[in-house]
Every structure is written in structure tokens, then in C-alpha cells.
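Residues per chain, in single letters:
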Amino acid sequence: MEERERRLGRNEALFREVNERIERVSGALRTGTDTMTILCECGNPDCVEHIEVSLSEYERVRAESTHFFVRPGHAKLDVEEVIEHHDEYDVVRKNGVAGEIARELDPRDD
Ligand SMILES: [Zn+2]
């Protein structure tokens, strides 16, 4: 059980890393829109779904180490809870061990 939480926590942190890079690249390219396409952060290695999110929304959620973007229905309710519903995505907050790992691996938090 705890091992599953750890694995999920690490996977989600990994997707967050990727999305942080996407944000930097989109910022550099500036296509004229204020949205970016990120990967679903549900932690399932087989999930390849994308989420369209505004840059300000991305920044707002990313400011919290334990908050992640997932496609509606992709939340793992045993390790996280859905705190916001949107058309394109849900925002989840990780609890317990997964939350600790999310904080530890936050690239914005030195
Ligand atoms: Zn997903």
C-alpha cells in the first residue's frame, strides 16, 4: 500500500517535471495564445492524455507543491482528493505519503 503511494507520488512528480519544461518552452515560443497543453498528471504511466490550461491557471495550481492537474476521472482517490472541477481537468491534492513525496520532489522548492 505504502509502496503504491510512493510509486504514484514519484510518477506524478515526474509528469510535473515534464510539464514544467513544456511551460518554459511554450513561454519561449509564445504562440500568441495564453494557454498551454500539458500532460495529465495522474501518475499512470500509460496515460497519454493532454490538458489545455491557461498559463495563469497553471501558475496558480503549480504554486502548491501537492496540487496536480488530472483529466476528469483520473484522480486516485485513495491518495488524493479532487479539490476543483473544470471542464478540461480536475485539480487534485495529494495526501499522506504521496503528498510528502510531491513536496520533496517539487522543482520549485529548493
Ligand atoms: Zn491521466
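Residues numbered from 1 in each chain as written. Predicted model: local features only at pLDDT ≥ 70, side-chain atom pairs only at ≥ 80, totals over all residues.

Chemist: Explanation requested: the pairing of strand β4 (residues 80-85) in the structure shown.
Modeler: In summary, the side chains of a regular strand alternate between the two faces of the sheet. Of the pairings in the sheet, the one linking β4 to strand β5 (residues 90-94) comprises five bridges and is antiparallel in character. When the sheet's bridge partners are listed, glutamate 81 is paired in β5 with arginine 93. Count of turn residues in the β4/β5 antiparallel hairpin: four residues. (Pairing = 2+ DSSP bridges. Helix = DSSP H or I, 4+ residues; strand = E, 2+ residues; numbered from the N terminus.)

Chemist: Which parts of the structure should I look at to understand helix α2 (residues 55-62)?
Modeler: Counting along an α-helix, one turn takes 3.6 residues, and residues three or four places apart therefore face a common direction. Those residues of α2 lying buried are Glu57, Tyr58 and Arg62. Around the axis of α2, the buried residues are gathered within 125 degrees of arc, so they sit on the same side. Away from the buried face of α2 by more than 90 degrees, exposed residues Ser56 and Glu59 are located. (Buried ≥ 20, exposed ≤ 12 C-beta atoms within 10 Å, placed from the backbone. Arc of directions from axis to C-beta.)

Chemist: Would you mind going over the sheet that holds β4 with me for this structure?
Modeler: The strand order across the open sheet formed by three strands is β3-β5-β4, and the pairing between neighbours is antiparallel. The open sheet terminates on both sides in strands that have one partner only, identified here as β3 (67-70) and β4. Strand-to-strand twist in this sheet, taken as the mean axis angle between neighbours without regard to direction, amounts to 35 degrees. (Axes fitted to C-alpha atoms, helices over the stretch in contact; angles between N-to-C directions.)

Chemist: Can you help me understand helix α3 (residues 96-104) in this one?
Modeler: For α3, the complete set of buried residues consists of Ala98, Ile101 and Ala102. Buried residues of α3, viewed axially, fall in a sector of 105 degrees; they line one side.

Chemist: It is not clear to me how the environment of asparagine 44 should be interpreted in this structure. Could you clarify?
Modeler: Within the fold, asparagine 44 resides in the loop between β1 (35-39) and β2 (50-54). With 16 C-beta atoms packed within 10 Å, asparagine 44 lands in the partly exposed category. For the pair asparagine 44 and aspartate 87, spaced 43 residues apart in sequence, the C-alpha separation works out to 21 Å.

Chemist: Got a minute to help me understand the pairing of β1 in this structure?
Modeler: Only one face of β1 is buried, namely the one carrying Met36 and Ile38, since none of Thr35, Thr37 and Leu39 on the opposite face is buried. Across five bridges, the pairing between β1 and β2 is antiparallel. Looking across to β2, one finds that isoleucine 38 is bridged to isoleucine 51.

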